[in-house]
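This is what each chain is made of:
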Amino acid sequence: MRHTGAEVVWECLIREGVDVVWAYPGGAALPLFDALGKYPQIHYVLVRHEQAAAHAADGYARATGKVGVCAATSGPGATNLVTGIATAMLDSVPMVAITAQVADSVIGTDAFQEINITGITLPITKHNYLVRESGDLARSLREAFFLARTGRPGPVLVDIPKDILTAPCEFHYPERVSRPGYRPVVRSAPYQVQRAAQVIADAKRPVVLAGHGVHVAKAWEELQRFAERVNAPVVSTLLGLSALSADHPLCLGMAGMHGVAWANLAIQNADLLIAMGMRMDDRFTGSLRHFAPQAKLLHVDIDPAEIGKRVPAAVPMVGDVRFVMEALTAALPELDHREWLSQIDAWRDRHPLTVHAPGPLPPQEVIRALHQATGGEGVVVSDVGQHQMWVAQHYRFRRLNSFFTSGGLGTMGYSLPAALGVQAGHPTDPVWVVVGDGSFQMNLQELATVAQERLPIKIVIMDNGYLGMVRQWQELFHGARYIGTPISGPDFVQLAASYGIPARRVTATADLAAAFAAARDADGPYLLDCKVEQDENVYPMVQPGTSNADFMEDPRGRAKDQ
Ligand SMILES: Cc1ncc(C[n+]2csc(CCOP(=O)(O)OP(=O)(O)O)c2C)c(N)n1
């Protein structure tokens, strides 16, 4: 069948099961968008900035496990995608980014809106393509989807010159992909499973570390069965939250710089860490010299490059964590670690999470109100900063794979655009965005997309008038010199109203329940501007470079227990 190159792009996407694309048009991309008129089965969401298109594709991919797709024009359209692509790369999110390029004949001449986007994105994509022959177009797209979703997922960019988009093109969608040398190992060898099972059976104080890989592998049930079989507590990374219900007795919550004390103490006193799809990020381990001094590491990851990268692994296992946990569960008898678990309970009693803000609206109370309003079953997208850490600590995720945030890159401005994609993955659920007033101002133009698409996105602004997380570091480590961190903004309630989005301001704890009920029960979008305590800090906190056992606790002591 003969098509134009632009039609071939959409034909390929349809064969990959794509039904929604976040995009922004422009000169070089015109043929691509023109052809879209013939493909009504693909829903095109016009974002208001290309960065948002990339984050939306990312949010969709995290929520569904499918490849998210974004598209942009050449030059500034393509460069605006960069932060979103890098965010997806650092968090192993399957994404295909399609960019239009200037005509092949003028590549290399600094033509209008020409930029070398494959050069720019080389280090932040799993792979990228500049298509220079019409005949390569379908194969490149086929490979892009294959590479994005297999093995350790990641973003792949396909750059297509305008003349290839307009030229007639023979269409043949390849059945198979052949990438010699690319063969992710999914199942670990049986002898490795036996060896790992023995190490687990011998452990006295094991801890399972659940990372983003558990979500990527959709291994939630396998994680629960494995943890129950071993009778081991489960500690999450930031992105591993919601891999096991917070109500499960073995779920300890998040460890690391702002992790809960009992999770950090469990790791620091463990004799075996069983790491599942996590990469020993520095915000998780704290000082490597002091990290888990008594523990052996059994490290399972689909990417062999992660094993032993930061912490030597006594037992390395390359494979998909779903298959590995299933195999290990089958190889193990029921184990019993009651004493170890009660030791951890004692730490939990001694070092509870506290809320001790003297003012009318402590930020932690906002997160607790969100938990109340959703019963812990909400779908939550958080931005980056103190509010992100309060979500991680105080929202007890009961629903699996219900928390989405930028972990590796820590991209401010992620939450609202990512929620566009998360919402597409959860069309019948409200999606809750928790965002600081700084982060919100990085991508608030997407309120227009929310309004236009009439999405039931509920935005909770933790409005403290500061770039709070940086202010906290200034207070603790830079002599309380608050340079460049007080931040003003518009009247967010009026701003929402100007987009036709209902909103209300909350200034006291007593008003939270009614405000959250109104937001939850509203048919479409809703915005809550929560004027929280300005100078509240996130505790516990492990100072950079120190041991995770030496966390700073709230100096005001133990006011109110979780
Ligand atoms: C794009 C980007 N720029 C800068 C930073 C550094 N940074 C991390 S947290 C933070 C402050 C976030 O402020 P806000 O969104 O208001 O949230 P809060 O910490 O007050 O809850 C900054 C500036 C970042 N992570 N991302």
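Below you will find a few notes about this structure. (Residues numbered from 1 in each chain as written. Predicted model: local features only at pLDDT ≥ 70, side-chain atom pairs only at ≥ 80, totals over all residues. Heavy atoms only, no water.)

1. A closer look at the environment of Ala369
Reasoning step 1: With respect to the secondary-structure elements, Ala369 resides in helix α16 (residues 363-374).
Reasoning step 2: Of the residues examined, Ala369 reaches a relative accessible area of 10% and is grouped as buried.
Reasoning step 3: Separated by 339 residues in the primary sequence, Ala369 and Leu30 have C-alpha atoms spaced 46 Å apart.
Reasoning step 4: Excluding anything up to four places from it in sequence, Ala369 contacts Leu512 and Phe516. (Helix = DSSP H or I, 4+ residues; strand = E, 2+ residues; numbered from the N terminus. Buried < 20%, exposed > 50% of the residue type's maximum accessible area, 1.4 Å probe, protein only. Contact = heavy atoms within 4.5 Å.)

2. Quick word on the site of the ligand
Reasoning step 1: The full set close to the ligand counts 17 residues, and His387, Gly410, Ser439, Gly468 and Met469 are the nearest of them.
Reasoning step 2: Between an oxygen atom of the ligand and a main-chain N or O atom of Gly468, the distance comes to 2.8 Å.
Reasoning step 3: For the ligand, the accessible surface in isolation is 590 Å², of which the surrounding protein chains cover 76%.
Reasoning step 4: At the level of secondary structure, the elements contributing two or more residues to the shell around the ligand comprise α17 (386-394), α19 (437-443) and α21 (468-477). (Near = heavy atom within 4 Å. Polar contact = N/O pair within 3.5 Å; in protein donor to acceptor, adjacent residues only side chain to side chain. Areas by Shrake-Rupley, 256 points an atom, 1.4 Å probe, with all protein chains shown as cover.)

3. Some details on the packing of helix α3 (residues 50-64) against helix α5 (residues 82-90)
Reasoning step 1: Remark: α3 packs on α5, axes separated minimally by 7 Å, with the N-to-C direction vectors making an angle of 25°. Between α3 and α5, the angle falls in the class roughly parallel. Contact residues: Gln51, Ala54, His55, Asp58 and Arg62 in α3; Thr83, Gly84, Ile85, Thr87 and Ala88 in α5. (Axes fitted to C-alpha atoms, helices over the stretch in contact; angles between N-to-C directions. Parallel < 35°, antiparallel > 145°, perpendicular 65-115°, else oblique.)

4. Points about the sheet that holds strand β4 (residues 68-72)
Paired through backbone hydrogen bonds, the strands of a sheet run either parallel or antiparallel to each other.
Reasoning step 1: Strand order in this open sheet of six strands is β3-β2-β4-β5-β7-β6, and the pairing throughout is parallel. On the outer flanks of this sheet lie β3 (43-46) and β6 (127-130), each paired with one strand and no other. Shown here is a sheet whose adjacent strand axes are inclined to one another by a mean of 20°, direction ignored.
Reasoning step 2: Together, β4, β5 (95-101), β6 and β7 (155-161) form the strand contacts of helix α7 (residues 137-149), whose direction differs from that of β7 by roughly 165°. (Pairing = 2+ DSSP bridges.)

5. Let's talk about the pattern of salt bridges
Pairs may arise between side chains of opposite charge once their charged atoms sit close together.
Reasoning step 1: Applying the stated criterion to the full structure yields 32 salt bridges.
Reasoning step 2: A salt bridge links Arg398 to Glu377, with the shortest nitrogen-to-oxygen separation between them at 3.8 Å. Of this pair, Arg398 sits in the loop between α17 and β16 (403-404) while Glu377 is found in the loop between α16 and β15 (379-382), placing the two residues 21 residues apart along the sequence.
Reasoning step 3: Judged by relative accessible area, Arg398 falls into the partly exposed class, the value being 35%.
Reasoning step 4: With relative accessibility at 36%, the residue Glu377 sits in the partly exposed group.
Reasoning step 5: One salt bridge in this structure joins Arg520 and Asp521, with 2.9 Å as the shortest N-O distance. (Salt bridge = Lys/Arg side-chain N within 4 Å of Asp/Glu carboxyl O.)

6. What about the packing of aromatic side chains?
Reasoning step 1: Using the criterion set out here, one finds 11 aromatic pairs in the structure.
Reasoning step 2: Aromatic pair Phe440 and Phe492: ring centres 5.5 Å apart, planes at 65°, arrangement edge-to-face. Here Phe440 is found in helix α19, whereas its partner Phe492 is found in helix α22 (residues 492-498), with 52 residues between them in sequence. Phe492 carries the same exposure label as Phe440, and that label is buried. (Phe/Tyr/Trp six-rings, centres within 6.5 Å; stacked < 30°, edge-to-face > 60°.)

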